[in-house]
Number of protein chains: 2
Amino acid sequence: MGARAIIAGDGALPGLLAAAGPALTVRLQGMPGGTAGADIVARLERLGQLFNDLRAAGVTELCFAGAMRRMPVDTGLLDPETQALLPRLTAAMGQGDDALLRDIVAIFEAEGFAVRGAHELRPDLVAPAGAIHGAARPDGDAARARAVLAALGPLDVGQAAVAGQGQMLGIETLQGSDAMLRFVADTAPGSRGVLVKRAKPGQDLRVDMPAIGPDTVALAAAAGLSGIELQAGHVLLLDPAALGAACAAHGLDLWAVP
Amino acid sequence: MGARAIIAGDGALPGLLAAAGPALTVRLQGMPGGTAGADIVARLERLGQLFNDLRAAGVTELCFAGAMRRMPVDTGLLDPETQALLPRLTAAMGQGDDALLRDIVAIFEAEGFAVRGAHELRPDLVAPAGAIHGAARPDGDAARARAVLAALGPLDVGQAAVAGQGQMLGIETLQGSDAMLRFVADTAPGSRGVLVKRAKPGQDLRVDMPAIGPDTVALAAAAGLSGIELQAGHVLLLDPAALGAACAAHGLDLWAVP
């Protein structure tokens, strides 16, 4: 059996995967999280080089983990493999994040690598159905935010939304759920509303799984919210113990529904 | 033929209706815009009194104009007519703004008043299809934002959205489109994106018609946008000349599509 490599972005997740067994760490130049401590430092423009480096290290299984972002490609640095892939990547990019990430997975699979999700390596971190901290309150505001996300999912928009007192107070856009929570804090404080966080229907959980950590709980509390609802089986709890402690400190309920 | 009354909220629209012929001005205690200059000062809690005052002044036709907001009802001040209406108003309130406004129209109609929309009194202020200032660019970002609004409309959410470079950058929530544009300015400046503003499918244009004025153009420019698309026939241009001047000053295209 071959080795495993983590293609690591920003945040706590790459570190949490260390508990799932030995793995090489790959980091991409220019991505959030930096390249310190990486076993392989790669460039988006030199995917052919990355394929070779992974094979030379005996890697057969890949896991993408942590936040990445779209970044400009320096066409002067392209290797032939990446040059050949550029038209399809550009086309996928125009169809949204889901399409782009699905295509990236397909490219690595076509090179013979198995792509595993962080939730497969650490199933103990996946949100279970029911109350996670405090009480489960899946009605009212939570149901309204859930309906909005269900309507937007087919358009590849929105992993998170906030409703309070029956009204929508925030709908996640490109800027992400932290920016949305800061907007709610600035413009609709004291709503006692609910943050709902779910995967989009087309989302490939192996490469783009929603995650929640203690920082999100603190931001939700600062926005005056009273609870957070997750999609059971589809959201990673980044450090369940710290998450529970943050909920307790801020008086927030945390639960998951199918 | 009876007299006309404008039930006036905040903003420029009540003043623009003066050109449509003589009318009494009604203002509600506590609403944005104040009560200065009103012919009749009314209270939400005393609708029976308002019906009487309107009839005493010979009013047969009403026009709601300008921004209003939900406000707390002081139950100690209720007159019997409002007391009797409270259960149905409370129920409508729980179903969202559209339902509430439709119910308010129905209540005034049941009292024998004809309810006319601002667009019926000033058809010259309604956005026409095609280029209004600069070029019409109804593709790409505009189409994406339009698709998001179409998905949300049945849920009574979203009269406005911003897309830039193929991505959603803002979706209007309770806080309104100005707050959304400030969010885009703070979190995604320089996108050269497009603001799309449309009526929701269930929206009664007689009482809740989307409107755009020079202030919106300035906010869109501050958010780094390059254009604004309206729904033809469904958005009021608050002062078309000032709107054109604002577009010219900020280099924004303004157009409408069906």
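Source: prediction; values computed, not measured.

A. Broad picture of the sheet that holds strand S11 (residues 227-231) of chain A. Residue and element names in this part refer to chain A. Across the sheet, six strands lie side by side as S6-S13-S11-S9-S7-S8; this open sheet has mixed pairing. Across the chains shown, the open sheet's two edge strands, defined by having one partner strand only, are strand S6 (130-133) and strand S8 (167-171). Each neighbouring strand pair of the sheet contributes to a mean axis angle of 25 degrees, computed without reference to strand direction. The sheet contact formed by strand S7 (residues 160-164) and strand S9 (residues 194-197) spans four bridges and is antiparallel. Bridge assignment links Ala 160 to a residue of S9, and that residue is Lys 197.

B. Inspection of the packing of aromatic side chains at higher detail. Residue and element names in this part refer to chain A. Tallied over the entire structure, the rule returns nine aromatic pairs over all chains. Judged by centre distance (6.5 Å) and plane angle (35 degrees), the ring pair of Phe 51 and Phe 113 falls under tilted. In this pair, Phe 51 sits in helix H2 (residues 47-56) while Phe 113 sits in the loop between helix H4 (97-110) and strand S5 (114-115), placing the two residues 62 residues apart along the sequence. Summarising the burial analysis for this pair, Phe 51 and Phe 113 share the class buried. Each member of the aromatic cluster is reached from another via a ring pair, and the members are Phe 51, Phe 64, Phe 108 and Phe 113.

C. Examining unusual backbone geometry more closely. Even without being a glycine, A:Asp239 presents a positive backbone phi close to 75 degrees. Mapped onto the elements of the fold, A:Asp239 is located in the loop between strand S12 (236-237) and helix H9 (240-250). Classification of A:Asp239 as partly exposed rests on a relative accessible area of 36%. If you check the backbone angles, B:Asp156 has positive phi at about 60 degrees while not being a glycine. The residue B:Asp156 is located in the loop between helix H6 (141-152) and strand S7 (160-164) in this model. By relative accessible area, B:Asp156 is classed as buried at 14%.

D. Just the relation of the copies chain B and chain A, in detail. The transform that puts chain B on chain A rotates by 180 degrees and translates by 0.0 Å along the axis, for an RMSD of 0.0 Å. Here the copies are linked by what is in effect a two-fold axis. The rotation axis passes nearest to the C-alpha of B:Ala151 in chain B, at a distance of 2.9 Å. A share of 100% of the interface residues of chain B reappears at the interface of chain A, consistent with the copies meeting face to face through the same patch.

E. Fine view of the side chain of A:Glu45. Residues and elements named next belong to chain A. Mapping Glu 45 onto the fold places it in the loop between strand S3 (40-42) and H2. Within the structure, Glu 45 has its side chain in polar contact with the backbone nitrogen of Asp 74 (distance 2.7 Å). Each residue touching Glu 45, except ones within four places of it in the same chain, is listed here: Pro 72, Val 73, Asp 74, Leu 77, Leu 78, Asp 79 and Thr 82.

F. The arrangement of the sheet that holds strand S3 (residues 40-42) of chain B in detail. Residue and element names in this part refer to chain B. Read across the sheet, five strands follow the order S3-S2-S1-S4-S5 without closing on themselves; strand pairing throughout is parallel. Strand pairing shows two members of the sheet lacking a second neighbour, S3 and strand S5 (114-115), which therefore form its edges. In this sheet, strand S2 (residues 24-28) lies alongside strand S1 (residues 3-8) in parallel orientation, the contact comprising four bridges. Counterpart to Ile 6 in the pairing with S2 is Thr 25.

G. A look at the pattern of salt bridges. Within this structure, the stated rule accounts for 24 salt bridges over all chains. Between B:Glu61 and B:Arg4 there is a salt bridge, and its shortest N-O distance comes to 2.6 Å. Of this pair, B:Glu61 sits in strand S4 (residues 59-65) while B:Arg4 is found in strand S1, placing the two residues 57 residues apart along the sequence. Using a relative accessible area of 11% as the deciding quantity, one classes B:Glu61 as buried. It is possible to trace a salt-bridge network through shared partners that takes in A:Arg4, A:Glu61, A:Arg116 and A:Glu120.

H. Structural context of H6(B). Residue and element names in this part refer to chain B. Across its 12 residues, H6 extends 17 Å between first and last C-alpha, which sits within 8% of the 16 Å expected from 1.5 Å per residue. Of the residues making up H6, those classed as buried are Asp 141, Ala 142, Ala 145, Val 148, Leu 149 and Leu 152. Down the axis of H6, the buried set is contained in an arc of 125 degrees. They therefore lie on one face.

I. Structural detail: the interface of chain B and chain A. If you look at the interface, chain B gives 23 residues, while chain A gives 23 residues. Taking both sides of the interface into account, the surface hidden between chain B and chain A amounts to around 1,900 Å²; carbon and sulfur atoms contribute 66%. Contact with chain A buries surface across chain B, with B:Gln167, B:Gln175 and B:Phe183 losing the most and accounting together for 27% of the total. For the interface between chain B and chain A, the tally reads 10 residue pairs in polar contact (both at pLDDT 80 or more). Looking at the side of chain B that touches chain A, the elements that each hand over two or more residues are H6, strand S8 (167-171) and helix H7 (177-187) of chain B.

J. Representation of the domain arrangement of chain A within the structure. All names here are of chain A. The domain architecture assigned to chain A consists of domain 1 (3-121) and domain 2 (126-257). For domain 1 versus domain 2, the distance between C-alpha centres works out to 27 Å. Contact between domain 1 and domain 2 buries roughly 1,300 Å² in total, counting both sides, with carbon and sulfur atoms accounting for 62%. A per-residue breakdown of the area domain 1 buries against domain 2 is headed by Asp 98, Leu 101 and His 119, which together make up 41% of the total. Across the contact surface, domain 1 and domain 2 share two residue pairs in polar contact (both at pLDDT 80 or more).

K. Inspection of the UniProt feature "domain: LpxI C-terminal" (unreviewed entry) in chain A at higher detail. As recorded in UniProt, the sites labelled "domain: LpxI C-terminal" (unreviewed entry) are residues 140-254 of chain A. In residues 140-254 of chain A, the share of helix is 37% and the share of strand is 22%. The end C-alpha atoms are 15 Å apart.

What counts and what doesn't
- Residues numbered from 1 in each chain as written.
- Chains lettered and ligands numbered in written order.
- Predicted model: local features only at pLDDT ≥ 70, side-chain atom pairs only at ≥ 80, totals over all residues.
- Heavy atoms only, no water.
- Pairing = 2+ DSSP bridges.
- Helix = DSSP H or I, 4+ residues; strand = E, 2+ residues; numbered from the N terminus.
- Axes fitted to C-alpha atoms, helices over the stretch in contact; angles between N-to-C directions.
- Phe/Tyr/Trp six-rings, centres within 6.5 Å; stacked < 30°, edge-to-face > 60°.
- Buried < 20%, exposed > 50% of the residue type's maximum accessible area, 1.4 Å probe, protein only.
- Least-squares fit on C-alpha atoms with pLDDT ≥ 70 in both.
- Contact = heavy atoms within 4.5 Å.
- Polar contact = N/O pair within 3.5 Å; in protein donor to acceptor, adjacent residues only side chain to side chain.
- Salt bridge = Lys/Arg side-chain N within 4 Å of Asp/Glu carboxyl O.
- Expected span 1.5 Å × (residues − 1).
- Arc of directions from axis to C-beta.
- Buried area = accessible area lost by both parts, 1.4 Å probe.
- Domains from an automatic or database assignment.
- UniProt positions renumbered as here; feature names shortened; annotations may be inferred.

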